[in-house]
Amino acid sequence: MAKRDYYEVLGVSKNASDDEIKKAYRRLAMKNHPDRTAGEEAATERFKVGKEAYEVLSDPRKRAAYDQFGHAGVDPSVGGGSPNSAFRDIFDEVFGDIFGARGGSGQRVYRGADVRYSIALSLEEAVFGTNAKIDVPSHVLCSECAGSGARKGTSPVTCSTCEGAGQVRMQQGFFSLQQTCPRCRGTGKMIQEPCRACSGAGRVVRNKGLSVKVPPGVDSGDRVRLSGEGELGENGGPPGDLYVEISVREHPIFTRDGTNLFCDVPIGFVTATLGGELEVPALDGRVNLKIPAGTQTGKPFRLRGKGVRSVRGDGVGDLICRVVVETPINLSRKQKELLEEFDGLLNKNEKKHLPRGSGWLDNVKRFFEDLGQ
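The notes below deal with the structure included here. Within any chain, residue numbers begin from 1 and follow the written order of that chain's sequence. Predicted model: local features are reported for residues with pLDDT of at least 70 only, side-chain atom pairs are reported and counted for 80 or more only, and whole-chain, interface and lining totals are derived from all residues. Side-chain calculation: all heavy atoms of the structure are included, whereas hydrogens and water are not.

Pairs may arise between side chains of opposite charge once their charged atoms sit close together. A side-chain nitrogen of Lys or Arg and a carboxyl oxygen of Asp or Glu constitute a salt bridge if their distance falls within 4 Å. Here the structure, examined in full by the defined rule, presents 16 salt bridges. For Glu245, the salt bridge goes to Arg116, with nearest N and O atoms at 3.7 Å. Placement of Glu245 in strand β11 (residues 242-248) and of Arg116 in strand β3 (residues 115-121) is noted, with a sequence separation of 129 residues between them. Residue burial is assigned from relative accessible area. The probe radius is 1.4 Å, only protein chains are included, and a residue is buried under 20% of its type maximum, exposed over 50%, and partly exposed in between. Glu245 sits in the partly exposed class, given a relative accessible area of 27%. Across the pair Arg225 and Asp241 runs a salt bridge, and its minimum N-O distance is 3.1 Å. Of this pair, Arg225 sits in strand β10 (residues 223-226) while Asp241 is found in the loop between β10 and β11, placing the two residues 16 residues apart along the sequence. Under the relative-accessibility criterion, Asp241 is labelled buried at 9%. What you see here is one network of salt bridges that share partners, running through Arg111, Asp114, Arg225 and Asp241. Going along the chain from the N terminus, every DSSP run of H or I of four or more residues is numbered as a helix, and every run of E of two or more is numbered as a strand.

As C-alpha cells, this is what we get:
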C-alpha cells in the first residue's frame with residue numbers, strides 16, 4: 001500500500017516551520033498514544049505513522065531529501081540504533097517539556113514549580129511605583145546534608161529497581177515505553193539513613209527575603225514576575241518563577257477605574273448657587289477647582305492629566321471630581337427663618353429660579369390628568 005504524504009499525515013503545509021511540525025506531531029501523538037487509546041489498532045497505526053513522519057520532517061537533511069525525491073529519498077534506517085531507542089529520542093525531544101527532560105546521568109531533570117505570592121499596596125504605591133519587601137516561604141537545599149537527603153557521613157546508594165537510571169521500561173504489546181521509577185521517583189538513588197534535618201527530602205522550608213520592584217501604574221490583578229525565584233528544580237533542573245500578584249487597598253478619597261481617578265467633592269448650596277473656587281486633592285498635590293454659578297449636584301469636573309500613568313505606556317488618565325451639594329443640618333431658629341424667607345422669594349418666580357423642579361411638577365400634573373385623577 002502506498003505511503004501517505006508525511007505533510008498530510010501531520011496536517012501541515014510543505015512550508016511549515018520546525019515549530020509547527022513539532023506542535024502538529026505532539027497533537028497527533030497525544031491523541032493516539034496507546035496509553036490513551038487502550039491499544040486500538042487504528043490509533044496505534046496513526047501513532048506509528050506520525051512518529052515516522054516526524055522523524056523525517058524534523059531532520060533538515062532527511063526533509064530536504066524527502067521534498068526532492070519523496071519516500072524514495074529517505075531511508076528509515078538512517079541514524080542507527082534500535083527502534084526503541086529512536087522512539088525514545090523523538091519522544092524526549094517533543095514531550096520533554098511536559099514530562100521532564102533527561103539529564104546526563106539518565107535521570108529526568110524537572111523544572112521547579114512556579115510560586116504565587118500576593119501583596120497589598122496603597123493607591124499611592126500602585127500609582128507611583130515602589131520597592132516592596134516580601135518574605136516568601138520557599139524550599140532551599142538542606143545545609144545539613146547539602147541536598148543529598150542522607151544523614152551526615154553517609155551517602156545515597158544506587159536504586160536497585162532501576163539500577164540508577166531513574167527510569168524503568170514498560171512493555172505494552174510491541175511498544176516499549178519508559179516511565180519514572182516508582183521506587184526512587186526518578187532520582188536513581190535510595191536513601192538508607194535519612195537526614196534528620198530534612199527527613200530525607202534534601203530541602204527545607206525557609207523564608208526568603210526579596211525586593212520586588214513594582215512599576216508605576218499597576219492595578220489590582222497585575223502580576224510582577226521574578227525569574228528563578230520559584231521552587232527548586234529536581235535533579236539539577238532550573239528553578240521556577242515567582243509571580244507576585246498585586247491588590248490595591250481602598251483609598252479614603254479616590255476610587256480608580258483604569259487610568260482615571262474619581263472623587264466626590266462636597267460643596268455648600270451657597271457655593272453651588274453663586275459659584276466659587278475651592279481646593280481639591282490630587283495624588284501629586286493640590287488643585288484649584290472653579291465652580292460656576294448654578295452648579296447642580298452630581299456635576300463632574302475633569303482635571304486632565306491628574307490621573308494615573310498607564311503601566312503599559314498608554315498615556316496618563318484624568319481626575320474626575322463629582323460635586324455633591326450638601327444639605328445643611330442642625331440649623332438655628334434664625335437660620336431656619338432666613339431659609340423660609342428665601343424659599344418664599346424663590347417660589348414667586350419658580351420657573352426662573354428652579355426650572356428643573358417646576359418642569360418636573362408640570363410633568364407630574366399632566367401624568368395624573370392622563371390617568372383621570
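There's more to say after this.
On to the packing of helix α4 (residues 41-57) against helix α5 (residues 60-69). Every angle, taken between N-to-C directions, lies between 0 and 180 degrees, and every axis is a line fitted to C-alpha atoms, over only the stretch in contact when it is a helix. It is at 6 Å that the axes of α4 and α5 come closest, and there the two elements cross at 100°. In terms of their interaxial angle, α4 and α5 are classed as roughly perpendicular. Facing α4, whose interface residues are Glu55, Val56 and Leu57, α5 presents Lys62, Arg63 and Tyr66. Here the contact of α4 with α5 is built from residues that sort into three nonpolar, no polar and three charged. Here is the rule for angles: anything less than 35 degrees is roughly parallel, anything more than 145 is roughly antiparallel, 65 through 115 is roughly perpendicular, and the remaining ranges are oblique. It only takes one pair of heavy atoms within 4.5 Å for two residues to be counted as in contact. In the scheme used here, Gly and all other residues not listed as nonpolar or charged are polar, with Ala, Val, Leu, Ile, Met, Phe, Trp, Tyr, Cys and Pro taken as nonpolar and Asp, Glu, Lys and Arg as charged.

Time to look at the packing of helix α2 (residues 18-32) against α4. For the pair α2 and α4, interaxial distance at closest approach is 9 Å and the crossing angle is 160°. One way to sum up the angle between α2 and α4 is to call them roughly antiparallel. Between α2 and α4 lies a crossing whose hand is left-handed. Residues Ile21, Lys22, Tyr25, Leu28, Ala29 and Asn32 of α2 form the contact with α4, whose own contacting residues are Ala43, Arg46, Phe47, Gly50, Lys51, Tyr54 and Leu57. Of the residues contributing to the contact of α2 with α4, the split by class is eight nonpolar, two polar and three charged. For any helix crossing, the convention is left-handed if the near helix is rotated counterclockwise from the far helix by under a right angle, and right-handed if that rotation is clockwise.

Our focus in this paragraph is the sheet that holds β3. At least two bridges found by DSSP between two strands is the condition for calling them paired. With mixed pairing, the three strands of this open sheet are ordered in space as β3-β11-β10. The open sheet has two edge strands with one neighbour each: β3 and β10. Put simply, the sheet's adjacent strands are angled 25° from each other on average, direction ignored.

On to the pairing of strand β13 (residues 260-268). Along β13, the buried face is formed by Leu261, Cys263, Val265 and Ile267; none of Asn260, Phe262, Asp264, Pro266 and Gly268, which line the opposite face, is buried. Judged from the three bridges that link them, strand β12 (residues 255-257) and β13 form a sheet pairing that is antiparallel. Note on β13: the bridge partner recorded for Asp257 is Asn260. Note: β13 against strand β17 (residues 319-326), eight bridges, orientation parallel. Bridge pairing links Gly268 to Glu326 in β17.

For the rest of this paragraph, the subject is the packing of aromatic side chains. The way to describe two aromatic rings as a pair is by their centre distance and the angle between their planes. Classification of ring pairs uses Phe, Tyr and Trp, with its six-membered ring standing for Trp, and accepts pairs whose centres are within 6.5 Å; under 30 degrees between planes counts as stacked, over 60 as edge-to-face, and the remaining range as tilted. If you walk through the whole model with that rule in mind, you get three aromatic pairs. The interplanar angle of 45° and the centroid separation of 6.1 Å between the aromatic rings of Tyr7 and Tyr66 together place this pair among those described as tilted. Of the two residues, Tyr7 is situated in helix α1 (residues 6-10) and Tyr66 in helix α5; the sequence distance between them amounts to 59 residues. Accessibility assignment for this pair places Tyr7 and Tyr66 in one class, buried. Measuring from ring centre to ring centre gives 4.7 Å for Tyr25 and Tyr54, while their planes differ by 10°; the resulting arrangement is stacked. Separated by 29 residues along the polypeptide, Tyr25 in helix α2 and Tyr54 in helix α4 bring together distant segments of the chain.

Interpretation in functional terms is not warranted from these geometric data alone.
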